[in-house]
Amino acid sequence: MSRKPQDRRTFIKTMAGGAVALRSSLSGLLGAGQAAPTRLEKDGMSYRRLGRTDLLLSEISLGSSPLPDPDLLRAIVDRGVNYIDTSHNYENGNAERRIGRLLQDVGRDKVRVATKFHVAPRDTPASIMASVHGSLRRLDVETIDVLMIHGAETAGVLVDERVLEAYEKLKREGAYRFRGLSCHANHDEVVRKAVDCGLYDMVQVGYNVFDIQESTREVETYPDYLGASGIRDLLELAHSRGVGVIAMKTLKVGGRRQDLEKYRTGAVSLYQAMLKWVLDDERVTSAVTEILNRRQMEEDLGAAGAKLAAAERTALVRYVGENGTDYCHGCARCRRACPAGVATTAILRALAYHESYGKTGRARDSYASLGSGENASACRDCGACEKACPYGVAVRSRVREAGRILA
Ligand code: SF4
Ligand code: SF4
């Protein structure tokens, strides 16, 4: 299956209803009974509809861990970004508070907000609801646009009775509009379940140029590996069933933006090229990125509505070829292969937060949330995880390293 490169202009010309269907702002919600267009371009920003919802979201959306300063945040929204991804625990709740102040400033209808709750073994429907009520208070809104399970890594959590009861009660309260989930690992199981159970309107998954098929070793023999993604079948499945797709980790898990500077040549910004690569897939509604200064804002917003140029594609090929072999795709094969039940995927992700983003506190919290039976202390040093990894990641030594640094 190939990606579906879009002819944006043709698509926009033929979209039913198109821009005229929008009667007010570009923030996404339409009037009752009014069908949302699939796409819209206005004032330099491109918008896509999120699956079967009526939300029209900017192709570039803003991550909030960390958030930019208030002036830059306002500038980003003024440039047409209308979707912010957050969570109850980002910046200890301060991300939601700052987004709440932004909404007061620009108006509630200008920005769609997605936030998340965690599900731990000790949680009950009441504790999940309490977490969401906290988000509502901090955001200072009556209704959350998209309410996600944070970091769903098993199919079971999607149909967990505690989660479904909380969702039902919160729906009756009017606390949210659409259900979703973010998924960092085990995408195959989680996304398939999200689509098949029919309970979720969107999925937020890591998706970036490193998602080549099966193995970066194929780079030498696979002629157009940028056109193939390890999760493309899942995106197609979701898209075909009306489940919206938001792409996160668009740089890569643990990727550092500054590492891309050496690939900047002439007019080519590699990070912008990576965003264009993600958005070239029409099954993706929006790409989440972190913007912390004006230069990044220009660079990232420049990816909206733009095609990937030949020079950018060449730069991406070089970058992936030079950096692909140690990148963890979160496929969870190592975890499934581990006879000791070590949560290898979660451990590697925590280590990446520490090493690449410098988010050591978040990395330690994440590591601490693992039980002693699944953290690095449970490792028996058998090496089965490394044999299972199709990308050649040195899983065993990375798990040990995480144990040393984060325990
Ligand atoms: S080396 Fe450790 S983490 Fe890897 S499979 Fe063996 S027990 Fe599991
Ligand atoms: S280390 Fe390899 S096998 Fe394990 S989740 Fe990452 S890519 Fe998959």
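Cut-offs applied
Residues numbered from 1 in each chain as written. Chains lettered and ligands numbered in written order. Predicted model: local features only at pLDDT ≥ 70, side-chain atom pairs only at ≥ 80, totals over all residues. Heavy atoms only, no water. Helix = DSSP H or I, 4+ residues; strand = E, 2+ residues; numbered from the N terminus. Contact = heavy atoms within 4.5 Å. Buried < 20%, exposed > 50% of the residue type's maximum accessible area, 1.4 Å probe, protein only. Pairing = 2+ DSSP bridges. Axes fitted to C-alpha atoms, helices over the stretch in contact; angles between N-to-C directions. Core = buried A, V, L, I, M, F, W, Y, C linked by side-chain atoms within 4.5 Å.

Participant: Sorry, what's going on with the overall build of the protein chain here?
Facilitator: Across its full length, the protein chain carries 15 helices and eleven strands. Counting only contacts in the protein chain whose residues sit at least 6 apart along the sequence, the fraction spanning at least 24 positions is 74%.

Participant: Any chance you could explain unusual backbone geometry here in plain terms?
Facilitator: Comment: phi is negative for the bulk of residues other than glycine, and the bulk of peptide bonds are trans. Here serine 65 and proline 66 are connected by a cis peptide whose omega angle stands at 10 degrees. Tracing the backbone through its elements, the reader meets proline 66 in the loop between β4 (60–63) and α2 (70–78). If you check the backbone angles, asparagine 92 has positive phi at about 55 degrees while not being a glycine. Tracing the chain through its elements places asparagine 92 in the loop between β5 (83–85) and α3 (94–106). Here asparagine 92 falls in the exposed class, since its relative accessible area comes to 70%. Notably, aspartate 381 is not glycine yet its phi reads approximately 65 degrees, a positive angle.

Participant: Help me out: how do you make sense of the sheet that holds strand β1 (residues 39–42) in this one?
Facilitator: Sheets are built from strands that pair by backbone hydrogen bonding, the pairs being arranged parallel or antiparallel. Ordered by their spatial adjacency, three strands build an open sheet running β1-β2-β3, and the pairing between neighbours is antiparallel. Bordering the open sheet on either side are β1 and β3 (56–58), each of which pairs with just one other strand. Each strand of the sheet is rotated relative to its neighbour by a mean of 30 degrees, with strand direction disregarded. Bridge count between β1 and strand β2 (residues 45–49): four bridges; the pairing is antiparallel. Looking at β2, one finds that glutamate 41 is bridged to serine 46.

Participant: Can you walk me through the nonpolar core in this structure?
Facilitator: Inside soluble globular proteins, nonpolar side chains tend to come together where they are buried. Ile149, Leu158, Leu181 and Met274 are the most contacted members of the largest nonpolar core, which totals 86 residues. It is helix α8 (residues 270–279) that contributes the most residues to this core, eight residues altogether. One finds Cys338, Ala350, Leu351 and Val395 within the second-largest nonpolar core, a separate group that totals 24 residues.

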